[in-house]
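Chain by chain, the residues:
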Amino acid sequence: MNTESDKDRFLKEFGDDYGYPKAPKNIDEIRATEFKRLDGTVYLDHAGASLYSELQMEAILKDLTTNVYGNPHSQTDSSLATSNIVGEARQQVLNFCNASPWEYKCIFTSGATAALKLVGETFPWSSQSSFMYTMENHNSVLGIREYALSQGAAAIAVDIEEAAHDSGSTNPASSHKVLQHQMQRRSEARVVDEELIGDAYNLFAFPSECNFSGVRFNLDLVKVIKQDSERILEGSSYCKGCWMVLIDAAKGSATEPPDLSKYKADFVVISFYKLFGYPTGLGALIVRNEAAKLLKKTYFSGGTVAASIADIDFVKQREGAEELFEDGTLSFLSIASIHHGFKILNTLTISAISRHTASLATYVRSMLSSLTYENGDSICTLYGVPKSKLLCKEMGPIVSFNLTRPDGSWFGYREVEKLASLSGIQLRTGCFCNPGACAKYLRLSHGDLLSNIEAGHICWDDNDILHGKPTGAVRVSFGYMSTFEEARKFLNFIERSFVLSLSHSPLRTKYIHLPTEGFERAPSRYYLRSITVYPIKSCAGFKVDSWPLSSTGLLYDREWLLKSMSGEILTQKKIPEMCYISTLIDLNLGILFVESPRCKEKLQISLNSDLFMSARDGMDLHVDRYEVQGYDNEVNMWFSNAVGRPCTLLRGSGSTCYFCLNSKRGVGMCRDVKTRLNFVNEAQFLLITEESVSDLNNRLYSNLPRDSHGPPIQVNSMRFRPNLVISGGEPYAEDGWGILRIGNNNFTSLGGCNRCQMINLIPQGGEVRKANEPLATLAAYRRTKGKILFGILLRYEDGNSVGQDTNSWLQVGQEVYPDAD
Ligand SMILES: Cc1ncc(COP(=O)(O)O)c(C=O)c1O
């Protein structure tokens, strides 16, 4: 596609809004001078975190290195300098939301979440109160529910419906409808006493922009809830009492901060990294003075106390809202940094930022919605945008969607994310901490959600499709420095990977026959070329000529693992340098030898399981339960040095299977559920063939740009961490194998092995470099049902005995007899 003409067309429609034509620097100049580090990156996760400009950071560095800022609670000059700068920062925050300093206060917090927690913690809840919130809300807002419910209040989620075009009514209440979900309450139903209810304080919370879909809420809601609650809540008993309104502007304020001179909310929360990338860990609660007086602060601390006596129950809290609610010492250096961020927003102007980002989101939405299959069906389901409002610029700069195949089945969002990352595109997937919006837009019923949870699905995991439905979505979001080129690259990626790629089914692609070096292909004779054992999960393995089989695969394979002090299992995905920890087992000596370039001594671990080991303990991994034993301090210290962080070595004795999300056998299945497994991800064995590796290398070679001067990328079969490498036959013949015999041992194929970025790690001179290949090339022709397959997973079929068994050995050179499924 011709990017130039695309851009011309885009500019024809959006030229007045895109690129800051009236600002001192236009978007191309901003990118060239302030975001040089983004070269080659397409960053589309501004709803997650926006990016700081390089000039902004230079200015902050200059500020901090030329001024002396002391603790604001002292009385020194440096303390005064801090107090002044903090005071100015508060004023800037209030100005940002057009809030009068006589009416509102700015309380600094450690983020929007901390500001929300503060409201929840100090709100005057009673058993007569209600906490009402829109379905579209971040978990950090939903968490307020815990304070409300625990103090006997009711909690109710609502959907807001707005009449499309109100027929000239000046009363905003008549254009809003509040549809209530079921009431939640922990204690007994309250006694309805009209007088008491009249005194109750209720809280209504909504986001100015939904961080799942980009839907912007009409801020007239503030007035509607505060002044017309009886009517809008249609006389329900929850409408009584005084209503306070909280706006979560953490996402929305990056392009449209609430105007508090017009919409007099009681509480507004913001977060600075969402506005201009830096600093993180700093947010603010903007609170109306009248509302601040109602909050009940329990804790006191340095900073918030006027007087206290250590050994009797006496405390006098400070009076001003900022002093009362800002516990401890403020994050004053971060606060000193924010005016450098505001300077950018003020120079560009928020309205120009809003138009710039809206032009990109509107363009992407309209391009995505125009993608159709031959039968006219849409490829892309957009969330939160009614068809009639597709080109509506009133949405925030978020595009949230899922993609479907021609047969109507969904592409998993993890697949989109993985492929995007291979194309240098950074976007976000999942439910974005907004479970209500996710359920609403994806039409997930309580039944769907509960059965997903029962099936083991949690936030952050890889279960993107469950029971045929997506569990989340793909989100791209734009920031003030986003460009048309980024939007276009993203659209090209979607077209290339999800529209055009469907015209040729990946696994049926013909293999490439380029001359292969050095050996003649014997058409149907297969033999075992190499055996590799990996005793410690994610560390290097060692090749052997022959090796015993056990009931869990190759004897001792993945019998050990390293666990961080926080309980995380260490793998090369997080610590690529683990590939430098080499292992070797001497069966005669009964010793596992381990070496690391970071440790002088070679470590020797006895295979006799009773030596130096702690009592047995239980551990869960990959939905299986393992019995594990630990080692003494010396061993743990050795590994901590080897991986450069504190960790412990654990030895397992095989899993006890108790559960699997995806127990159906098939191509790309997740985990063998029928056998005992060591600490493997999916199955006892991984098998690849030399022919498939060589076909892949031919493709990598032929993909090489003609003008490339570097050496062609070639991968060694060990890059795939196989246990068994087979030689002979045609490339990818292994895809069709059902069972196979190696020597006298029988194995069952469990299907293809789903590949991740780990095969792109290149150890080089003690460091590990991350590349795009070979996964990017594999993705182009080995993608099926959301997985990028290479090699097959095997189960050993008659491994009932644990330990060495001379009848059950594998030997390099043994003939392999595959039998098609
Ligand atoms: C709408 C919304 N509210 C609240 C938060 C939490 O903000 P913070 O990370 O500052 O705690 C986020 C962050 O993603 C958000 O998008």
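Fair warning: this is a prediction, and the values are worked out from it, not measured in the lab.

Draft legend 1. Just the packing of helix α4 (residues 77-96) against helix α13 (residues 332-348), in detail. The contact between α4 and α13 brings their axes to 9 Å, and the two run at 45°. It follows from the interaxial angle that α4 and α13 lie oblique. Where α4 crosses over α13, the handedness of that crossing is left-handed. Together, Thr82, Ile85, Val86, Glu88, Ala89, Gln92 and Phe96 of α4 and Phe332, Ile335, Ala336, Ile338, His339 and Phe342 of α13 make up the contact between the two elements. In the contact of α4 with α13, the residues fall into nine nonpolar, three polar and one charged.

Draft legend 2. Representation of the nonpolar core. In this structure, Val268, Val269, Leu285, Ile286 and Ile335 are the most contacted members of the largest nonpolar core, which totals 202 residues. Aside from chain neighbours lying at most four places away, what touches leucine 285 is Ile107, Thr109, Ala115, Leu118, Val119, Phe267 and Val269.

Draft legend 3. Here's a closer look at the site of the ligand. Lining the immediate environment of the ligand, one finds Gly111, Ala112, Thr113, His138, Ser140, Pro207, Asn211, Asp248, Ala250, Lys251, Ser271 and Gly283. The residue inventory of the shell around the ligand, partitioned by class, reads three nonpolar, seven polar and two charged.

Draft legend 4. Quick look at the packing of helix α14 (residues 350-369) against helix α18 (residues 484-499). Following both chains from N to C, one finds α14 and α18 inclined at 15°, their axes separated by 10 Å at the closest point. Accordingly, the angle class assigned to the pair α14 and α18 is roughly parallel. The chirality of how α14 crosses α18 is right-handed. Touching Leu360, Tyr363, Val364, Met367 and Leu368 of α14 are Phe484, Ala487, Phe490, Leu491 and Ile494, all from α18. Among the residues forming the contact of α14 with α18, the class breakdown is ten nonpolar, no polar and no charged.

Draft legend 5. Highlighting the sheet that holds strand β25 (residues 591-595). Pairing within the open sheet is antiparallel, and its three strands lie in the order β24-β25-β26. Each having just a single partner strand, β24 (582-586) and β26 (603-606) make up the two edges of the open sheet. On average, each strand axis in the sheet is inclined to that of its neighbour by 20°, with strand direction left out of account. With four bridges connecting them, β25 and β26 associate as antiparallel partners. Note that in β26 the partner of leucine 592 across the bridge is isoleucine 605.

Draft legend 6. Molecular detail of the sheet that holds strand β38 (residues 809-811). Taken together, three strands build an open sheet; the order of strands is β22-β21-β38 and the sheet is antiparallel. Lying at the two open borders of the sheet, with one neighbouring strand each, are β22 (553-554) and β38. Bridge analysis of strand β21 (residues 546-550) against β38 gives three bridges, and the strand direction is antiparallel. Bridged to tryptophan 547 within β38 is leucine 810.

Draft legend 7. Up close: unusual backbone geometry. A cis amide bond, omega 5°, links tyrosine 278 with the succeeding residue proline 279. Of note, proline 279 is situated in the loop between α10 (272-276) and β9 (283-288). Put simply, glutamate 773 and proline 774 share a cis peptide bond, and its omega is 10°. In this structure, serine 538 is a non-glycine residue whose phi angle is positive, near 75°. Structurally, serine 538 is set in the loop between β19 (526-533) and β20 (542-544). Judged by C-beta crowding, with 24 C-beta atoms within 10 Å, serine 538 ranks as buried.

Rules used throughout
- Residues numbered from 1 in each chain as written.
- Predicted model: local features only at pLDDT ≥ 70, side-chain atom pairs only at ≥ 80, totals over all residues.
- Axes fitted to C-alpha atoms, helices over the stretch in contact; angles between N-to-C directions.
- Helix = DSSP H or I, 4+ residues; strand = E, 2+ residues; numbered from the N terminus.
- Parallel < 35°, antiparallel > 145°, perpendicular 65-115°, else oblique.
- Left-handed = near helix turned anticlockwise from the far one by under 90°.
- Contact = placed C-beta atoms within 7 Å.
- Nonpolar A, V, L, I, M, F, W, Y, C, P; charged D, E, K, R; others polar.
- Core = buried A, V, L, I, M, F, W, Y, C linked by C-beta atoms within 7 Å.
- Buried ≥ 20, exposed ≤ 12 C-beta atoms within 10 Å, placed from the backbone.
- Near = placed C-beta within 6 Å.
- Pairing = 2+ DSSP bridges.

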